[in-house]
Amino acid sequence: VRAPIKRTVGSRFLLPVGLLSVAALASLAMFFPGALAGASGHSDAAQVSITPGEVTTHACGTVNVKGVTNSVTNAGNPFLSSSKTCLNGHLISYGNTAITYANPPQAFVSAGRLLFAQTCSSCHGSEANGVNPEGQAAIGPNLQGVGAATVDFWVSTGRMPATDVQAVEAERKPSRLTPVQALELAAWVNSLDPAVPAVPNPHLAGADQSAGQDLFSLNCAACHTIEGSGDALAFGTNAPSLQNRSVTAQQVVEAIRTGPANMPRFSGNLTDRQVTDIVSYVTGRLQHPTNPGGAALGGVGPVAEGFVALLIGVGGLALICFWIGERS
Amino acid sequence: VSDTDHQPSRTRVPMPIAALSDPHMGDAAKNPDRTEKIIGLILFVSIVFFAVAGAAYVQNWNPWTFGGALGAGLFALGFGLTAWGKYLMPQGPFVEERHTLASTSEERDTMSAALVERSAVVVKRRKMLGGLFAAGATVFGIVAAFPLIRSLGPLPGTSLETTGWRKGMVLVDSTGRPVRRDTLVVGGIMTVYPQDTVDPQNGFITDQGQAVDQTVLIRVSDQPFTTEPGRESWTPDGYVAYSKLCTHLGCPVGLYEQELELLVCPCHQSMFNVRNGAVPQFGPAPRPLPQMHLGYNDDGYLIAMAPYNQPVGPGFWERNS
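Bear in mind the structure is a predicted one, so any value in this text is a computation, not a measurement.

Basis of the calculations
- The residue numbering used here restarts from 1 in each chain and proceeds along that chain's sequence as written.
- Each chain takes a letter, starting from A, and each ligand takes a number, starting from 1, following the order in which they are written.
- Where local features are concerned, this predicted model is filtered to residues with pLDDT of at least 70; where side-chain atom pairs are given and counted, the filter is 80 or more; whole-chain, interface and lining totals use all residues.
- Values reported for side chains reflect all heavy atoms of the structure, with hydrogen atoms and water molecules removed beforehand.
- By the criteria applied, helices consist of DSSP H or I runs no shorter than four residues and strands consist of E runs no shorter than two, each listed in order from the N terminus.
- Residue exposure (1.4 Å probe, protein chains only): buried if accessible area is under 20% of the type maximum, exposed if over 50%, otherwise partly exposed.
- Residues count as neighbours in contact if any of their non-hydrogen atoms are within 4.5 Å of one another.
- The accessible surface values rely on the Shrake-Rupley method and a 1.4 Å probe; as for residues, cover is taken only from the protein chains in view.
- Salt-bridge detection follows one rule: a side-chain nitrogen of Lys or Arg within 4 Å of a carboxyl oxygen of Asp or Glu.
- Within this scheme a cavity is a closed region of a 1 Å grid, computed over the protein atoms alone, that accommodates a 1.4 Å probe without allowing it to escape, whereas a pocket is open but has protein on both sides within 12 Å along at least five of seven lines; lining residues each have an atom within 4 Å of a point.
- Grid points are joined across faces, edges and corners, and a volume is the space filled by probe spheres set on the points.
- Residues are grouped as follows: Ala, Val, Leu, Ile, Met, Phe, Trp, Tyr, Cys and Pro are nonpolar; Asp, Glu, Lys and Arg are charged; every other residue, Gly included, is polar.
- Take the buried residues of types Ala, Val, Leu, Ile, Met, Phe, Trp, Tyr and Cys, join any two whose side-chain atoms come within 4.5 Å, and each joined set is a nonpolar core.
- Between any two strands, pairing holds if DSSP finds at least two bridges.
- Here, a disulfide means two cysteine sulfur atoms that sit within 2.5 Å of each other.
- Each residue gets a pLDDT score, which is the predictor's confidence in that residue and runs from 0 to 100.
- Surface patches are defined over residues having more than 30% relative accessible area and no salt bridge, joining like charges when they lie within 9 Å and nonpolar side chains (Val, Leu, Ile, Met, Phe, Trp, Tyr) when within 5 Å.
- Side-chain rings of Phe, Tyr and Trp (the six-membered ring for Trp) are treated as a pair once their centres are within 6.5 Å; stacked means planes under 30 degrees apart, edge-to-face means over 60, and tilted covers the remaining angles.
- Think of it as a cone above the ring: NZ of Lys or CZ of Arg counts as a charge over the ring if it is within 6 Å of the ring centre and within 35 degrees of the ring normal.
- The angle between two axes is taken between their N-to-C directions and runs from 0 to 180 degrees, where each axis is a line fitted to C-alpha atoms and a helix contributes only its stretch in contact.

1. Focus: the overall build of chain B
When helices and strands are counted, chain B shows seven helices and 13 strands. Across the 321 residues in chain B, those meeting the buried criterion constitute 35%. A fraction of 57% describes how many contacts in chain B between residues 6 or more apart in sequence connect residues 24 or more apart. Taken as a whole, chain B presents about 19,800 Å² of accessible surface, with 61% of it coming from carbon and sulfur.

2. Digging into the overall build of chain A
Per the secondary structure count, chain A includes twelve helices and seven strands. By residue count, 43% of the 328 residues in chain A fall in the buried class. Counting only carbon and sulfur atoms, one obtains 62% of the accessible surface of chain A, whose full area is about 16,700 Å².

3. Focus: the pattern of salt bridges
All names here are of chain B. Inspection of the entire model under this criterion finds seven salt bridges over all chains. Put simply, Asp182 and Arg180 hold a salt bridge, and the shortest N to O gap is 3.4 Å. Overall, the relative accessible area of 39% leaves Asp182 in the partly exposed class.

4. Topic: the layout of surface pockets
Estimates place the volume of the second largest pocket at around 770 Å³. Surrounding the second largest pocket, 27 residues form its lining, Leu19, Leu20, Ala23 and Ile320 of chain A together with Phe75 of chain B being those nearest its centre. The residue inventory of the lining of the second largest pocket, partitioned by class, reads 17 nonpolar, ten polar and no charged.

5. Remarks on the nonpolar core
Of all hydrophobic cores here, the largest spans 42 residues; its most connected members are Phe216, Ile256 and Ile278 of chain A together with Ile218, Tyr242, Leu263 and Phe272 of chain B. Mapped onto this core, the elements with two or more residues apiece are β3 (91–95), β4 (99–102), α8 (209–219), α10 (249–258) and α11 (272–286) of chain A together with β5 (215–219) and β6 (239–243) of chain B. Among the elements that line this core, the one with the most residues is α11 of chain A, at six residues. In this structure, Ile278 of chain A is in contact with Gly212, Leu215, Phe216, Cys220, Ile256 and Leu270 of chain A, ignoring residues within four places of it in sequence. With 19 residues, the next largest nonpolar core counts Leu143, Ala182, Ala186 and Ala187 of chain A among its residues.

6. Topic: the sheet that holds strand β1 (residues 171–172) of chain B
All names here are of chain B. Ordered in space as β1-β2-β5-β6-β11, the five strands form an open sheet in which the pairing is antiparallel. Each edge of the open sheet is held by one strand with a lone partner, namely β1 and β11 (291–292). Here strand β2 (residues 189–194) runs beside β5; their pairing, made up of four bridges, is antiparallel. Following the sheet pairing, Ile189 is matched in β5 by Ile218.

7. Overview of the state of the cysteines
Counted according to the given criterion, the structure contains one disulfide over all chains. At a sulfur-sulfur separation of 2.0 Å, the disulfide partner of Cys251 of chain B is Cys267 of chain B. Taking the torsion about the S-S bond as the criterion, the Cys251 of chain B to Cys267 of chain B disulfide, at about -95°, is left-handed. With a gap of 16 residues between them, Cys251 of chain B in the loop between β6 and β7 (255–257) and Cys267 of chain B in the loop between β8 (262–264) and β9 (271–273) connect regions that are remote in the sequence. A relative accessible area of 35% places Cys267 of chain B in the partly exposed class. Cysteine Cys123 of chain A remains unbridged, with the sulfur of Cys120 of chain A as its closest cysteine sulfur at 8.9 Å.

8. A closer look at the confidence of the model for chain B
Across chain B, pLDDT averages 85, with 88% of residues at or above 70. Considering each helix and strand of chain B separately, the mean pLDDT is smallest for helix α1 (residues 27–30) of chain B, with a value of 67, and largest for β6 of chain B, with 96.

9. Concerning a nonpolar patch on the surface
A grouping of Leu41, Phe44, Val45, Ile47, Val48, Phe49, Val52 and Trp61 of chain B is seen on the molecular surface, where their side chains present a nonpolar patch of about 700 Å² in accessible area. For Val48 of chain B, the location among the structural elements is in helix α2 (residues 32–59).

10. Here we look at the pairing of strand β2 (residues 82–86) of chain A
All names here are of chain A. Pairing geometry for strand β1 (residues 63–66) and β2, over four bridges, is antiparallel. Along β2, the bridge assignment pairs Val65 with Lys84. Relative to β3, β2 runs antiparallel, the two being bridged by four bridges. Directly across from Lys84, in β3, lies its bridge partner Ser93. Between β2 and β3, which follow one another and run antiparallel, lie four residues, and Gly89 among them has a positive phi close to 95°.

11. A word on unusual backbone geometry
Residue Pro161 of chain A is bonded to the preceding Met160 of chain A through a cis peptide linkage, with omega at 0°. Mapped onto the secondary structure, Pro161 of chain A falls in the loop between α6 (148–156) and α7 (179–192). The omega torsion of the bond from Val196 of chain A to Pro197 of chain A falls at 5°, within 30 degrees of zero and hence cis. Relative to the elements of secondary structure, Pro197 of chain A occurs in the loop between α7 and β5 (199–202). Not every positive phi belongs to a glycine, and Ala128 of chain A is a case in point at roughly 60°. Here Ala128 of chain A shows up in the loop between α5 (121–124) and α6. Even without being glycine, Asn60 of chain B reaches a positive phi, approximately 60°. Among the structural elements, Asn60 of chain B can be located in the loop between α2 and α3 (63–88).

12. Notes on the packing of aromatic side chains
Evaluation of the coordinates by the stated rule reveals six aromatic pairs over all chains. An aromatic cluster is defined as three or more aromatic residues linked by ring pairs; in this entry it consists of Trp323 of chain A together with Phe75 and Phe79 of chain B. When the ring centre of Tyr296 of chain B is taken as reference, the NZ or CZ atom of Arg181 of chain B above it lies at 4.2 Å.

13. What about the sheet that holds β5 of chain A?
All names here are of chain A. The strand order β1-β2-β3-β4-β5 describes an open sheet built from five strands, whose pairing is antiparallel. Taken across any chain shown, the strands that pair with only one partner, and hence form the sheet edges, are β1 and β5. If you compare each strand with its neighbour and ignore which way they point, the axes differ by 15° on average.

Have a look at this one:
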């Protein structure tokens, strides 16, 4: 009473061959985590830097240049950095060798007014003051006096214009407006009530990634996690993941200096140099995790790793033991 | 089996191995030449992989190459060995007839007689050995209890109720930099420590400064505000400071949501409203975070106007409130 030869041979080799295939596929996936994760990066985040030369074309007559020595905190503050202002006091640019801040050119203002009327005014009011035509509170908040960097961050990361105004948080998405259009909006909103911070232009050449890691773990990791994979917070809010996103260094500086939504605003406790350290760590390491140990398993730590080790490791060993001990 | 079947143990008895035509012998065993070739191929593959691993080691190739080749070689070796045993060795169950193991009755009688005769002398209670054994076990038991005894004392005294904060101490960050009026803007947060526990060159001087004294400093507003009656002057320029130790289990409460004005504990999601004295709004925390009375010194630096007015961190047995 024998089974046909082919079937017997097949069933005998089924278990070990299946195990081997699964192990081979799993190890392949560990070597190429990006292939399974899919293309999650956006190509919309081109960085536009405003060079000081461009800024001095402001039609404001003589430019007043103020140099600051012995600045203590040097934290994106025009009063503690060397700065350029028009004689009428209008701030053009300020900063140091780590980050220079500059307002968008005056020539952007008129285009920004048109763009704002088309894409933003229905929620924020026609004067960006959070008041609707009936004189009541509009859907969106008052934007006057938030500084050009705030507007540039929200628009260039695609969070504004929002698709769902009832949502708890405006999620990052491919930007509907070009980087230049974001600057035009920033120029107009800032012209209504000039404020700081202006749009930053970080210079990462001298940045220290190691110091950036220390500063990240001290100031950022509480919410974004030590791996930068993001985490849930209170009342439906969350700290977004920093991994596998093409966020520019400029946008990271804007987030740190302006504190979008529920993120705290980091000012005097981080100098411009320290901010570039953090930015260098975020854009140079965290954004593109290399995972030398194989699959990151979400970067959530030992629970997931232990689970996989037990399930696949011990489970696989048990199956192999069954196969060895199998009687024909 | 009776004694008459007894045979000299050295006698060679042919073991009845299952014939290759036996029904429980597998298909592979019915064609042993082919199976041997396959297993030989697998073993040869293991040799090749080992050679690659050796070359990778000598030539200092990529560690993935070395590890992968070594792993593959070991796997092929083990696979071949297992397959050899599984397909080319006869498999049981086998029954081997053997001679009786019992001694002859004469030998057994002699043995029991000797035991009976000698037991009166040899087998007896040995009190000294028993006593020494008991002493050893007792000493071990006492020594093993040392950690338990040590954990019972000394009593913590007031160490759980005090921190390193003293009246007039300047708030500094983790690098020893003091905090000024314009350090934070509204919506900013930082962790501060007592001045004397951080050295600008060497970092934290004491563990206590890092663990017990850590305090979150938040600028909630431009104006002073009142978290609780009686604390009107505790929040100069809208700065407010709370102990960073969660009152539940002592995790660092470091997640600040500036729009919701909430501090969130990452361990069990306790939420504290920073405007109303960090009263827990959600989660298992039983008490508000202790608030620090803030002020400025003559140089314009933020200082603690008084130590914390209650123990920080989780509850403990002797806690009064």
